[in-house]
Amino acid sequence: MNRDPSSPLDRRFPIAHLLAWVTAGATFPLIWMGGFVTTYRAGMAVPDWPSTFGYNLFLYPLESWLSVFDVFLEHSHRLIAASVGFLTIALSAALWLGDRRRWVCWLGVVAVLGVSFQGVLGGLRVIADERVLAKVHGCTAPLVFACLASLVTFTSAAWRTRRDSGLPSSAAQGGNAARCDRLISVLIAAAIYLQIVAGSQLRHLTPHEHAFWFAVWVWIHVIVGILLLLGIIALGVRLRVGRGHAARVARRGRLLVGLMPLQVILGAATWVTNYGLPVWFTENVWEVEYTVVAGGAWQAIVTTAHVAVASLLLVIAVSLVLWQVRLTYVETEACGDE
Amino acid sequence: MALGSPFRSALRVALAVVLLAMGLVAASGCGRTPPIEFPLNLEGREPASVSPKQAAAIRQALTELFGTPNEPRVPDGVPLDLKRLAMAAGAVGGDAQGRQRGLYRRHCVTCHGIAGDGAGPAAAVLDPYPRDYRRGIFKYTSTRSGAKPIRKDLQRTLYRGVPGTAMPSFAHLPSEQAEALIDYVIYLAIRGETELYLLQLVVDEQSYLPPDMDRVMEEGVLPVVESWLLPERNQQEWVVTPPPRPEVDRPEVLAASIAKGRELYLAKDSQCVKCHGPEGDGNGEEKELYDDWNKPKKGVTPEQTAALARLFKLPLQRLRPRDFRKGVFQGGSGPADLYLRICVGIKGTPMPAAGPAPGVPGPLKPDEIWHVVDYVRSLAAGAPTPQ
């Protein structure tokens, strides 16, 4: 369907895209702050919810907020979460007002529900003092982030017009190689999420858990991490622009290739800063006098960065899959079609 | 609608991933956390050897004496601060003023477990395993053989951590919180030893049920408490303070001390070579070394060892004597730390006390210990071995 690009609906559309960017952008610091809350085990620093020590969330005195570190972390996490909630509602409203694609509008509703669910989950974790809910809260956060980030993609002009430099022919995109690329990308996205779940199991330990399960999750995390690194390198090699892949797809592939080694280094550093150098390393490679420092800056930053980069990797992988699918299957620009 | 197709595809992928992850989480036992209780110490026992009635009687006696993980209590005569115990016990939390509670679960339980059994969720992948407090044995102390640590020893380990292991330094912890944790560790140790006494009384000696609590206090609790108080009260007799180190300010004096240290190290009496090897690389003739927590897991034959494994939470773990050349000393690398390790040994391990004790001369005199310290430090610094 031909659209008039100057129609009122279309003019409002960039606002939704901008809002999607701001909302997804605000979710990243929210994940960092949530990570710090877990790293410093400050999840129960504020024992009530949705109030903060009896105060309305937004009226908690500034000096009290800033004076106790654990309270600062938890209350800041709640404030950023509330802001993301409002932004998501605004985004959803903008979509319903400005975007004729109903599935995008409904995805906006899904995002609102996801953010709300995530908030309630965090609240219930506090009210019930239940670490299992903290685990689930940690596992669903990257999904919400991915949902919000996918709205950035869906609301972009490039997505709507299917514009991309170096776009190969439909025949090339639909070939076996492209199918293989898509499959690898989907597996990578799934593996990244599995890693997030495994990491959550390792971070949110309850006193009852049998030592066996921790060891199982450690091994899953290590083995899938190695496979993921190899898979991402393989995908990066396949997605080089010069080989006829769309620039957007190749760019996301490069981002994954760039971030994954960093994530592996962060993972190793997370282990070392929490549990020290492993014996196989000190026995066979190098032993140095190193003492883990509980609550130290390195421990907190490295561990939380590992959590945050994992979410970022998921978002990039999901975006990569979306673009691969978009550039392959959708033959016509359909924004505005009902 | 043309764009519905990528969205549906993405949704299918997302759903598949979420289901896979949920399946894995469910497999590892995701459900509402059961109430926190001290597990009964059945290490090394056939679970069926303790009848439900006996187990219930032991639990009841222990609860009567020591309370629960959420509400600890101490019997009369146990010199532990209940306020500090309350701060360390229970669920993790805090108030608007930053007063913390649940310190043990916040900082320690992941490795040391709720009862201080050294078998917390993360324990199986650690080497060495976290300390099991329930025998009341702590490795790095300044007290003589067989004595409990003094509070200062536990403070040292808490603040400095144990280099080369997962035991972190809690140097950032405010002192009142550190003291609360130390109280709680001692509480768990006294409770643990009392539990061992009760198991012996109720299960091994088949005592009448419920056990006579006066007898439990008299024979179980008070002797344990006394063993904790003894070195604190009689520090002159039980605590070793390294004497002033002989001057080694000139290179030739230090070289002579190192040469003397090497001679003593290689001497038969000191027993160093047996485990640490003639080169100090931890490659002595004793290869099968186990600490007191792992010895019960070792059978005479591999089959026996395999059969024993199911009676313990953690698999058998071998000790590795320190390779001095690497310069990593778990009990601290300062001269005074090394002096103490040689003088009083490492408790619960085959590392013996080589220093003198009241009425016992010991293989090494104080000056000689300093020479060995100089020699060990020279190996760590990579100095050439004196011939």
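The structure reproduced in this document is the subject of the present report. Predicted, not measured: the structure shown is a model, and the values here were computed from it. (Residues numbered from 1 in each chain as written. Chains lettered and ligands numbered in written order. Predicted model: local features only at pLDDT ≥ 70, side-chain atom pairs only at ≥ 80, totals over all residues. Heavy atoms only, no water.)

Examining the overall build of chain A
Just so we agree on the cut-off: Strands are runs of DSSP state E lasting at least two residues, helices are runs of H or I lasting at least four, and both sets are numbered from the N terminus onward. Throughout, a residue-residue contact means that at least one pair of heavy atoms, one from each residue, lies within 4.5 Å. Each accessible area is a Shrake-Rupley estimate made with a 1.4 Å probe; only the visible protein chains count as cover when residues are assessed.
Helix and strand counts for chain A come out as 12 helices and zero strands. Taken from the N to the C terminus, the helices and strands of chain A come in the order α-α-α-α-α-α-α-α-α-α-α-α. Excluding contacts between residues fewer than 6 apart, the proportion of contacts in chain A whose partners are at least 24 apart in sequence is 77%. Looking at chain A as shown, the accessible area adds up to about 14,400 Å², and 72% of this sits on carbon and sulfur atoms.

Some words on the state of the cysteines
Residue and element names in this part refer to chain B. Applicable threshold: A pair of sulfur atoms, both from cysteines and within 2.5 Å, is called a disulfide here. Exposure is judged per residue with a 1.4 Å probe applied to protein chains only, and the accessible area is read against the type maximum: over 50% gives exposed, under 20% gives buried, and values in between give partly exposed.
Within this structure, the stated rule accounts for zero disulfides over all chains. With no disulfide partner, Cys108 has as its closest neighbouring cysteine sulfur the one in Cys111, 8.8 Å distant. Judged by its relative accessible area of 7%, Cys108 is buried. The thiol sulfur of Cys275 is not disulfide-bonded, and the nearest other cysteine sulfur, from Cys272, lies at 9.1 Å.

What to know about the pattern of salt bridges
Residues and elements named next belong to chain B. To be explicit about the condition: Salt bridges are defined as contacts in which a side-chain nitrogen from Lys or Arg sits within 4 Å of a carboxyl oxygen from Asp or Glu.
Scanning the model with the defined rule gives 31 salt bridges over all chains in all. With a shortest N-O distance of 3.3 Å, Arg84 and Asp183 are connected by a salt bridge. In this pair, Arg84 is assigned in helix α3 (residues 82-88) and Asp183 in helix α7 (residues 175-204), connecting sequence segments 99 residues apart. A salt bridge links Asp117 to Lys313, with the nearest nitrogen and oxygen atoms 2.7 Å apart. Taken together, the residues Asp117 in the loop between α5 (109-112) and α6 (151-160) and Lys313 in the loop between α12 (302-309) and α13 (335-344) connect sequence positions 196 residues apart. Relative accessible area serves as the criterion here: at 39%, Lys313 is assigned to the partly exposed category. Connected through shared salt-bridge partners, Arg84, Arg151, Glu179 and Asp183 make up one network.

As for empty space enclosed by the protein
Stated precisely, the cut-off is as follows: The method works on a 1 Å grid over the protein atoms by themselves. A cavity is a set of points holding a 1.4 Å probe that cannot get out, a pocket is an open set with protein on both sides within 12 Å along at least five of seven lines, and residues with an atom within 4 Å of a point line them. Grid points are joined across faces, edges and corners, and a volume is the space filled by probe spheres set on the points. Only Asp, Glu, Lys and Arg are considered charged in this grouping, and only Ala, Val, Leu, Ile, Met, Phe, Trp, Tyr, Cys and Pro are considered nonpolar; every other residue, Gly among them, is considered polar.
Per the stated rule, a full pass over the model turns up two cavities of 30 Å³ or more. By volume, the largest cavity is sized at about 50 Å³. What lines the largest cavity is Gly276, Leu277, Thr282, Glu287, Val288 and Tyr290 of chain A together with Gly164 and Thr165 of chain B. Across the lining of the largest cavity, the residue classes break down as three nonpolar, four polar and one charged. Each pocket or cavity is described by its volume, and for the second largest cavity that value is around 40 Å³.

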